[in-house]
Amino acid sequence: MSQIEMATSYQIWPLLAAWVVSIYALYLQGLVVRRVRANERDAGFAWILGGSLCLGTGLWAESILGLLALQLPIPVGYVRGVLLASWLPAVAITACVTWMQTDVGLSRRMRVAGVLVVSAGLCLVTVINVSAMVMQPQAQWHMKMALGAAMVVLLACAPGSVLIRHMLQKPPTPSNKVKTLGVLALMATFVRLGQMMLIGAVSISAGAVCISADQLTGDSLALMLTVAALMPMLLLHLGTIQDGRAHSKHAQLQDSLNQAQAALQDANQHDVATGLLNRLGFERTLRQTLHGDCSTVQQLTVFRLNLDGFKSLIETYGYDLGDTTVRFLASRIHGLVRDGDVLSRSDTDEYLLMCNGLSDEHAVAQLAQRLGDAIHEPCLIQDQDITLSCSIGIACYPVSTNADQLLSHSQDAMLTARKAGGAVYCFYERGMDRRGAEQVDMQRDLRHAIERNELEVYFQPKLRAHDKALAGVEALLRWTHPERGMVSPVQFIPVAERFGLIGELGLWVLNEACRYIRLWHDAGLNIPVAVNLSAHQLRQPDLELRVRDALKRHRVPARMLIMEITESAAMDDIESSLRVFDMLDAIGVRLSIDDFGTGYSSLSYLRRLPARQLKIDRSFVRDLETSLDAQAIVEAVVRLSHALGLQVVAEGVETQGQAEILARLACDELQGFLFAKPMPEPALLAWLVQRGTAVLSPHQVALVTHVVPGEDTLFEWPEMEASGS
Ligand code: C2E
Ligand code: MG
Ligand code: MG
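Along each chain, numbering runs from 1 in the same order as the chain's sequence is written. All chains are assigned letters beginning with A, and all ligands numbers beginning with 1, in the order in which they are written. Predicted model: local features are reported for residues with pLDDT of at least 70 only, side-chain atom pairs are reported and counted for 80 or more only, and whole-chain, interface and lining totals are derived from all residues. Note: side-chain values were computed over all heavy atoms of the structure, leaving out hydrogens and water.

Draft legend 1. Looking closely at the coordination of the magnesium ion (ligand 2). Coordination here is defined by N, O and S atoms within 2.8 Å of the metal (3.2 Å for Na, K and Ca), and since water is not considered, a site can look incomplete. Donor atoms from the polypeptide that coordinate the magnesium ion (ligand 2) comprise E474 (OE), N532 (OD1), E564 (OE) and D594 (OD), at 2.0 to 2.2 Å from the metal. For the magnesium ion (ligand 2), all donor residues lie on one chain, and their spacing in sequence is E-x57-N-x31-E-x29-D. Taken as an interatomic distance, the gap from the magnesium ion (ligand 2) to the magnesium ion (ligand 3) is 4.1 Å; D594 donates to each of them. Pair noted here: E474 is in strand β15 (residues 470-481) and N532 is in strand β17 (residues 529-533), with a separation of 58 residues, a long-range link. To qualify as a helix, a DSSP run of H or I must reach at least 4 residues; to qualify as a strand, a run of E must reach at least 2; elements of each kind are numbered from the N terminus.

Draft legend 2. Broad picture of unusual backbone geometry. A cis amide bond links Q136 to the next residue, P137, at an omega of -10°. Position of P137 relative to the elements: it lies in the loop between β3 (135-136) and β4 (140-141). Residue P398 follows Y397 across a cis peptide bond; omega there is 15°. Position of P398 among the secondary structure elements: in the loop between β12 (390-397) and α13 (403-419). Even without a glycine there, the phi angle at N453 is positive, about 55°.

Draft legend 3. Seen up close, the coordination of the magnesium ion (ligand 3). The coordination sphere of the magnesium ion (ligand 3), as far as protein atoms go, consists of D594 (OD), D595 (OD), E651 (OE) and E651 (OE), spread over 2.0 to 2.5 Å. Between the donor residues of the magnesium ion (ligand 3), the gaps in sequence give the motif D-D-x55-E.

Draft legend 4. Representation of the pattern of salt bridges in the model. Each reported salt bridge corresponds to a side-chain nitrogen of Lys or Arg within 4 Å of a carboxyl oxygen of Asp or Glu. Scanning the entire structure with this criterion turns up 22 salt bridges. Between E635 and R639 there is a salt bridge, with its nearest N and O atoms 3.1 Å apart. Of the two residues, E635 and R639 are both situated in helix α23 (residues 628-643); the distance of 4 residues between them amounts to about one turn of the helix. Residue classification places R639 among the exposed positions, given a relative accessible area of 58%. If you follow the salt bridges from partner to partner, you end up with R279, E283, R287 and D404 in one network. Relative accessibility decides the category of a residue: with a 1.4 Å probe and only protein chains considered, values under 20% of the type maximum give buried, values over 50% give exposed, and everything between is partly exposed.

Draft legend 5. Geometry of the packing of helix α2 (residues 41-68) against helix α4 (residues 87-102). The angle between two axes is taken between their N-to-C directions and runs from 0 to 180 degrees, where each axis is a line fitted to C-alpha atoms and a helix contributes only its stretch in contact. Contact pair α2 / α4: the axes reach a minimum separation of 7 Å and the direction vectors enclose 130°. When the interaxial angle is binned, α2 and α4 end up oblique. The two elements α2 and α4 meet at a crossing, and its hand is right-handed. Across the interface between the two elements, I48, S52, L53, L55, G56, T57, L59 and W60 from α2 touch W87, A90, V91, I93, T94, A95 and T98 from α4. For this scheme, ten residues count as nonpolar: Ala, Val, Leu, Ile, Met, Phe, Trp, Tyr, Cys and Pro. Four count as charged, namely Asp, Glu, Lys and Arg, and the remainder, Gly too, count as polar. Tallied by class, residues from the contact of α2 with α4 come to 10 nonpolar, 5 polar and no charged. When an angle is under 35 degrees it counts as roughly parallel; over 145 it counts as roughly antiparallel; between 65 and 115 it counts as roughly perpendicular; any other value is oblique. Crossings are assigned a handedness: left-handed for a near helix turned anticlockwise from the far helix by less than a right angle, right-handed for a clockwise turn. Any two residues whose heavy atoms approach within 4.5 Å at even a single point are treated as in contact.

Have a look at this one:
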C-alpha cells in the first residue's frame, strides 16, 4: 500500500476510561458468576440475562471509548445505527463468558471453542465500531496487523479465562479479591492493547474526509458513553451486593435453624430427668448401629429392664424420688456394661440397654442375671430404703433380624417375664406370644415349687454290666404340680433355663443328692450319685463354690458325686466346658458326658475333657437288637472310650437282649427300665432290699471310678465293709 496515510494520535483519557470500564466489567462478571452459582436455576438464569445486558453494554461502551481515543486531523463522526449494531455481539459475548464461567462441568473442548468465539467477538465489536466512521476514500485494513491484533486478544483471553475460573473457585477473601483484581487488570490491559492494535490496523489516506462527520460526534460523547456504561454496571454491582447479603442472611438463618433443629432433636432424644437417651434416641442409635458397618455388629443384644412396681413407688414417694432412683440405678447398670454399650430410659419405669459383642446366649444370661441383681440390691434414696426388682426381656440380633424386631421382641419377652411375676429375665422365643402364656404359668408355679415341696429327686440305678452290682444312681428331678400332676423334666427344665431359675433348681438337686449320699452312708450304704448339670449352670461363675459348699455341708467325699453334662452342652462352648470340667476334676468330682451320640463331638475335644464316663444315648441302645449298624457304632464308641480311659454307660436298656449285647460289647454299666425306672428314695431302698443287691464299699467305689480314695477330696469317710441290703 503506497498511499500516504493520514496522521493519527490518541487521546489518553478515553483510553483510561475504557481500561477502567473493562476492569470493572470483568470484576462484575465474577460477581455475577457467583450470584448465578448461589441461586436456583431460574434466578440464576435471570442473573445471566441481566448481567449480560449490563456488562455487554459496558463492553460495548468500552470498545467505542477505545475508538474515540483515536484523533484525526479532520472532523469525525459515527453512524448511530452501526454503533448500536455492535451492542448485540457485545452482549452475546458477555453472556457466553458468564455461561462458560458458571458451568463448571463444561468440557475442555467447549472451553477452547468458547475462548475463540469470545476473542473473535471482541474483534468483531471493534471492527463494527470502526466501520461506523465512514471515510471517503474508504479506510483500508492492514490484514497482517489486524491478525496480529486478534492474536493478542486471543492470548489475553485464553489464560485470562483459565485464571479467572480458578480464582472464582476460591472463597472471596480480601487477599483473593486483590489477586483477582490483579489478574483482571492484566487481562483488561492486554485485551485493550489488542483492540488498540486493531484500530491501528486501519489505514486512512491523507486526503480522506469523514462523510459521517455530521452524525454522532463531539467531546461529550466519550463522557456520555462512560456514564451510560457505568450506570447499569453500578446498578448491577448493587444488585450483586444485595443478593449476596440476602443469601448470607438466608444462610445464617438456615444455620441457626439447623442448630435449633439439632438442639431440639437432642432434647427430643434425651430424658430430661436422667440425661440418658430416651426411647427415640435409643431407637435411632439402634438403627444407626444396625445400618452402619455390619462387620462390627456380630451379636447385638437388647435388654429391656422394666422396674417392677415402680409406678406405685412414684405414687407413694413422688416423681422426684422416682427420677433419682432411676438415675442411681442407671449408674449401677453402667458399672456392669462396657464402654460402647448404650443405656436409655425408654419409659418412666423402663431402661433399654444395647450391648454389642456378647459372645453367646450364656454370656447374655449372665449379664441379665447381674443386671437383675444390681437392680435388686437395696439403695438409700432421699432417706428411703428402696429395694426394687425388674423384669428383663432379651432379644438378640441376628435372631431378631432388625431394629423393629429387636424392640418388639424385647417387649414380648419383658411382658412374659413380668407376667411370670417379675424379678426374672426372659429370652425372646419364636411364637412366644402363643406358647408364652403356658410357659409363663409354668414358670410362675415352678418358682414356688421348692418352697411348696413340690419337687422331689428320683433315683434310677446304674448296674455294672458283668455282675449287675449297683454302680450308682442318677438323680432325676421330678415336679408334682398341684393341678397338672407329674411334670416331665423335659418340659420344665427348658422353662427353668429360659427364666433364669435353673441355677436355683440345680443347687437344690445338688444338695438333695449330697444329703442322700450322706444319709445312705450313715445307714451303711455307699451309693455314688450322678447329678445332671444344665448348659446354663456350666456358665455360672459360682458353680465351684456351690459344689464345694454342698459337699462340705453334707460331709460327702467329692468322688461320690458325678456330674452329667450333655454332649451338646459340653461341645456348645468348649472353652467354658473345659474350664468347668477342669475345676470339678480338681475338686475330685467325676464328670460324665450324657446323651453321647446326639451331638457333634470332635474327638480332639473329647480327649481334652477330663471326663471319666460317657453315656451312650438311648437311641443307639434301642436299635441294638435290630440294627447291625447300631451295634457297630456302640462297639466303636466303647473302644474309643476305653482307649481314652473313659467308662461307658448305656442308657435306656429296656430288654434282656440289649443288656446281653451291651455286656458282650464290653460296656461297663447299664441303666434302664429293664432294671429299674427312676423312683423316689424309699422305693429305691425297697428295690435294693428286694434284689439283695450288694452295695459297693468306698474302696470298691474308688475302683469303679478310678479315683484313689483321699485324692483331691474335700472330705473322706472311714472305709466300711461292703454292705448288702
Ligand atoms: P438324662 O439325663 O439323659 O436322663 C435319662 C432319662 O432317660 C430320664 O428321663 C430317664 O427317666 C429316662 N430313662 C432311663 N431309662 C430309660 C429307659 O429304659 N427307657 C426310656 N424310654 N427312658 C429311660 P427323665 O427323668 O424324664 O429326664 C429327662 C432329662 O431331663 C434327663 O435326661 C436330663 O437331661 C434332664 N433332667 C432330669 N433331671 C434333671 C436335673 O435335676 N437337672 C438338669 N439340669 N436336668 C435334669
Ligand atoms: Mg443324665
Ligand atoms: Mg441321658
